[in-house]
Structure formats: C-alpha cells, structure tokens
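A closer look at the structure
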Amino acid sequence: MSEKNVVKKNYLGWYFNTPLVWRVLTALVLGGIVGKVVGPSIVILEPFGTLMLKLLRLVVLPLIFFAIIVGVGGTPASKLGRIAGKILTYYILTTVFAAAAGLGLGHIFKPGIGANLSSVGSAAIEASSIPSIGEILLNMVPNNAVAPFVNGDYLQVLVFGILIGIAISVLQDSKNEKTVEVVNTFLRFCEGGSEIMYKITQGILEYTPIGIFALISSLFATQGFNVIGSLGTLIIACYVGYVFQIIFVYGGLLSLFKMNFKKFLINMRGVMMMAFATRSSNSTLPVSISTCEEKLGIPRTVSGFTLPLGAQVNMDGEAYYQILAVMFVANATGVVLSPSQQLLMILAVTLGSIGTAGIAGSGPVVLLGVMSMVGLPADAGTAAAAAFALILGIDVILDMGRTTANVTGDLVGTCIVAKTENMMNYKAWDNYKNS
Ligand code: ASP
C-alpha cells in the first residue's frame, strides 16, 4: 500500500471506524443544533441530503424487485401461502388495533379543542377520495411490465416481483429437468442482482450521516420549533400513540413469541433512526433488509418478501396520525363525530394506511380522503380546510414519528414470521453487544 493511501485511510479513519449508528445519531443531534444556530443560510447544504435520498431511491426499486423474486422464488411452494397468510394477518390486525387505540387517545387528549376554527375560512385544498377496496386491488396491477419501474410505483413492482417469484417456486417442482435448470439459472441471476444492490446500499450507508446532517439542519433552520404552536396536543397525542405501539404492542408481541425486545431495539435502532430522519419507509427499506440479515439472523428469503410488502401496506404509525388528525379537525371546527362515524373512521383509516405510499409526506394526501369519508371534506373556504392547513404545517414532525412506527411494525412482523417458520438464527441477536 502506498504512503498516500495510508495517510488517506488515517485521515478518514475516525469517520469509518465509528459505528454507523453513532454517526447517524450524532448527525441527527448536531444537525438540529447547527440548523437552529446558523439559521436559513444552512439550507445551502440541503443538496447533500437530497443526494442521499436520490441514491436510496435509485437502488430501492431494483432492490425490491430482486429481493422479492429471491424471497418468493426461493421459498418452496408449500410454505409460500403460509408465510403470506401470516404476514398479511399480522399487518391488518396491527393496523386495525392502531386505529382503534388512536381513537381512544383522541378521546383522552381531545386534540383541536380550543383551536376554535369554526368561523375561519381557507383557500381551496384539493381533496383526494379514499380508494375503495376494488380500486386499491386494481391499482396494484400494472398496465404493462415497464410502467411500474418508469413511474416508480413500488406496489406494482412488488406485485410483478411476487408473480415472477410464485411462478419460479411452482416451476421448481416441475418434472422436466430442463425447466428446473433454466428457472434456477434465472433465480441465481436475481440473487446476483440482489447482492449487487446490497453492495451499493452498503456504500450509500456510509454516506448517510452526511445526508442526514444536511436534511435535519435545513429542516430546523427553516421550520424551527415555531411550527409547534397550537398543535402541541396533536403532536403529543400522536407521539404517545407511536411510542405505545412500539413499546407495548410490538414489545408485547415479541415477548409473546419469545424474542427479546431490548435486543431488538438495540439492533434495530439504526434502522429506526433512518426512518425518523428520511421520513420514508421506502428509503429505509434497503437498510432494513440488510440490518435484519446481519443483526437479527433473518434470511432475505423472508425479509425480501415481508419488508417490501410491509413498506407498502403496513402503516401503524400512519393509522394513529390519521385518526388523531381527523379528531383534531372535528374538535377544532366544532363537529361532534357520532359513534358510527367513529367506527367508519377505523375502516377508512385502515384502508387509507394501505393506500398511503411509503414516501415522505404522503400521509396528508390520504388524510384528505379520510376526512371526506367521515363527512369533513376540506372544501374551499371551510373551517375543515383551515384545520387541515394547520396540520400540514407540522406534518414533518408528525411524519418522523409515524414513519418510525410504520417501519418498526414491519420489522416486528418479519421477526414473528421468521421465528415461527424456524427461519431465524436467534443467536445473531447477540450481535447487539458489538454494535
Ligand atoms: N412517510 C410515511 C412512510 O414512509 C408515509 C406517510 O407520509 O405517512 O411510512
């Protein structure tokens, strides 16, 4: 090795030798402080954060595609249905529970009481309608094989990958040796593709502390703490919900299936910080899949299927946010929600969270649909539109927590499936001592 290289290694050694999780945490805290102290001029650094997000988005589609093919195609056909059944049951039950618990929290915290917007008007906000179950299912199927990649439609990429995976899994049982051979060649090609995407991901991970610092400092410089204002109760209620879901629901479920919640949290804290900072389940996906393998002993054949699916359809943090936000709008505008409207809200929020894209800030778009469905449309000039605009102002704060809860829920479901299918190396959990 040349002298020049040695110097370079030593020069950046402090960076690369510090565990990633500490670098990310430092970036989060320092970013907040520097943003507040330096003020809006720090926004000049924002492109470094944008670069991180662009890199993650670059790898995530091929990563999902290859991972899901390897995950589904590598699982024997006899096991596939069971794994799919387990994870979907978990995803739906935890989301319905989150929506119901959010409703309970709404009655305790009463967000929006005192805001008194009933006489306020606001500019038009375009409402999106909550898709019906039929629409959700139809939208999952792409019009052609290339469109989902071009449009960046994660759910459609997922569906296409699942179909290919199922076909591979079934064809592997074929009596025709030639068929089995060519199918296995394709599967190996996809395994190679997935390895390459993971390698790129690992490189991007080394850059994430810089990207996170840039994002958080710009955020604090432009939004600061001023945005909190009258929406304090809503923020507190949402965060109580997120924390409750993570500690009691996920912690309880892990214990029920004989897994150590503390070790889980310590091993997964890097993933949770990533979700918090990027506010995107999809952007966090590459990190979740590789961390699951390294620190929880879960093979990609399981996580490659359950995590991309969860990032699209399982959003428990989202359920808390939506239900509490609708209650904020109702309280702030003096509307009393009837018991049947409240039940309808649980259904609307469950569908809405399935229909929410795993990207930063997509929650409020779906919230408009939920509001229309329970009879609080954000029409031009209405108090509901004004209340919605207020919530929009603090969405970044709410999104950080809800994305963390969303992602944690996917990880816990993945652990439960892997453990009950005997596909987890539980000893790997002890890695936490070294992380
Ligand atoms: N940012 C959230 C996620 O990626 C979605 C949302 O905006 O609610 O999970």
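See above for the structure.
Predicted model only: the values in this text are computed from it and were never measured.

To continue, consider helix H7 (residues 154-171). Helical periodicity: at 3.6 residues per turn, an α-helix aligns residues three or four positions apart in one direction. Compared with an ideal rise of 1.5 Å per residue, which puts 18 residues at 26 Å, H7 spans 26 Å between its outermost C-alpha atoms and is within 8% of the ideal. Restricting attention to buried positions, one finds in H7 the residues Tyr154, Leu155, Gln156, Val157, Leu158, Val159, Gly161, Ile162, Gly165, Ile168 and Ser169.

This part is about helix H15 (residues 363-373). Within H15, eight of the 11 residues are buried, which leaves the element mostly enclosed by the surrounding structure. For H15, the full list of buried residues reads Gly363, Pro364, Val366, Leu367, Leu368, Gly369, Val370 and Met371. Positioned one or two residues after H15, Gly375 has a phi angle of 85°, which is positive.

The ligand sits among 16 residues. The nearest are Ser281, Glu318, Gly363, Asp399 and Arg402. Here an oxygen atom of the ligand sits 3.2 Å away from a polar atom, N or O, in the main chain of Gly358. One nitrogen or oxygen atom from the side chain of Thr403 is found 3.0 Å from a nitrogen atom belonging to the ligand. Protein contact buries 100% of the 270 Å² of open area that the ligand shows by itself.

Attention now goes to the side chain of Asp395. On the secondary structure map, Asp395 appears in helix H17 (residues 395-420). With a relative accessible area of 7%, Asp395 lands in the buried category. In this structure the side chain of Asp395 is engaged in a polar contact, spanning 3.0 Å, whose partner is the side chain of Arg402. Excluding residues that lie within four positions of it along the chain, Asp395 makes contacts with Tyr321, Gly361, Pro364 and Arg402.

Packing of helix H11 (residues 281-296) against H17 leaves a shortest axis separation of 11 Å and a crossing angle of 35°. H17 is crossed by H11, and the crossing has right-handed handedness. On the side of H11, the interface is formed by Ser281, Thr284, Ser288, Cys292 and Leu296, while H17 contributes Thr403, Asn406, Val407, Leu411 and Cys415. Looking at side-chain class alone, the contact of H11 with H17 contains five nonpolar, five polar and no charged residues.

Moving on, we come to the nonpolar core. Judged by nonpolar contacts, the single largest core of 127 residues is most densely connected at Ile212, Leu234, Phe264, Met371, Ile391, Leu398 and Cys415. Sorting elements by how many residues they give to this core places helix H3 (residues 46-73) first, with 15 residues. The residues touching Cys415, leaving out its near neighbours within four places in the chain, are Leu254, Met259, Phe264, Leu296, Ile298, Met424 and Trp429.

To continue, consider the packing of aromatic side chains. Taken as a whole and judged by the stated rule, the model has 14 aromatic pairs. A ring pair is formed by Tyr239 and Tyr242, whose centres lie 5.1 Å apart and whose planes are at 70°; its orientation type is edge-to-face. On the criterion of helical spacing, the pair formed by Tyr239 and Tyr242 is a turn pair, its members being three residues apart in helix H9 (residues 232-256). Relative accessible area serves as the criterion here: at 2%, Tyr242 is assigned to the buried category. Taken together, a centroid distance of 6.3 Å and an interplanar angle of 40° make the contact between Phe264 and Trp429 tilted. Pair noted here: Phe264 is in helix H10 (residues 261-278) and Trp429 is in the segment after H17, with a separation of 165 residues, a long-range link.

Before going further, it helps to spend a moment on the pattern of salt bridges. A full pass over the atoms with the stated rule returns 11 salt bridges. Via salt bridges that share partners, Arg279, Glu318, Asp395, Asp399 and Arg402 belong to a single interconnected network.

The subject of this paragraph is the packing of H15 against helix H16 (residues 383-393). Viewed as axis vectors pointing N to C, H15 and H16 meet at an angle of 155°, and their least axial separation amounts to 11 Å. In terms of axis orientation, H15 runs roughly antiparallel to H16. The crossing of H15 and H16 is right-handed. For the pair H15 and H16, contact is made by Pro364, Leu367, Leu368 and Met371 and by Ala384, Phe388 and Leu392, respectively. Here the residues of the contact of H15 with H16 sort into seven nonpolar, no polar and no charged.

Conventions and cut-offs
Residues numbered from 1 in each chain as written. Predicted model: local features only at pLDDT ≥ 70, side-chain atom pairs only at ≥ 80, totals over all residues. Heavy atoms only, no water. Helix = DSSP H or I, 4+ residues; strand = E, 2+ residues; numbered from the N terminus. Expected span 1.5 Å × (residues − 1). Buried < 20%, exposed > 50% of the residue type's maximum accessible area, 1.4 Å probe, protein only. Near = heavy atom within 4 Å. Polar contact = N/O pair within 3.5 Å; in protein donor to acceptor, adjacent residues only side chain to side chain. Areas by Shrake-Rupley, 256 points an atom, 1.4 Å probe, with all protein chains shown as cover. Contact = heavy atoms within 4.5 Å. Axes fitted to C-alpha atoms, helices over the stretch in contact; angles between N-to-C directions. Left-handed = near helix turned anticlockwise from the far one by under 90°. Nonpolar A, V, L, I, M, F, W, Y, C, P; charged D, E, K, R; others polar. Core = buried A, V, L, I, M, F, W, Y, C linked by side-chain atoms within 4.5 Å. Phe/Tyr/Trp six-rings, centres within 6.5 Å; stacked < 30°, edge-to-face > 60°. Salt bridge = Lys/Arg side-chain N within 4 Å of Asp/Glu carboxyl O. Parallel < 35°, antiparallel > 145°, perpendicular 65-115°, else oblique.

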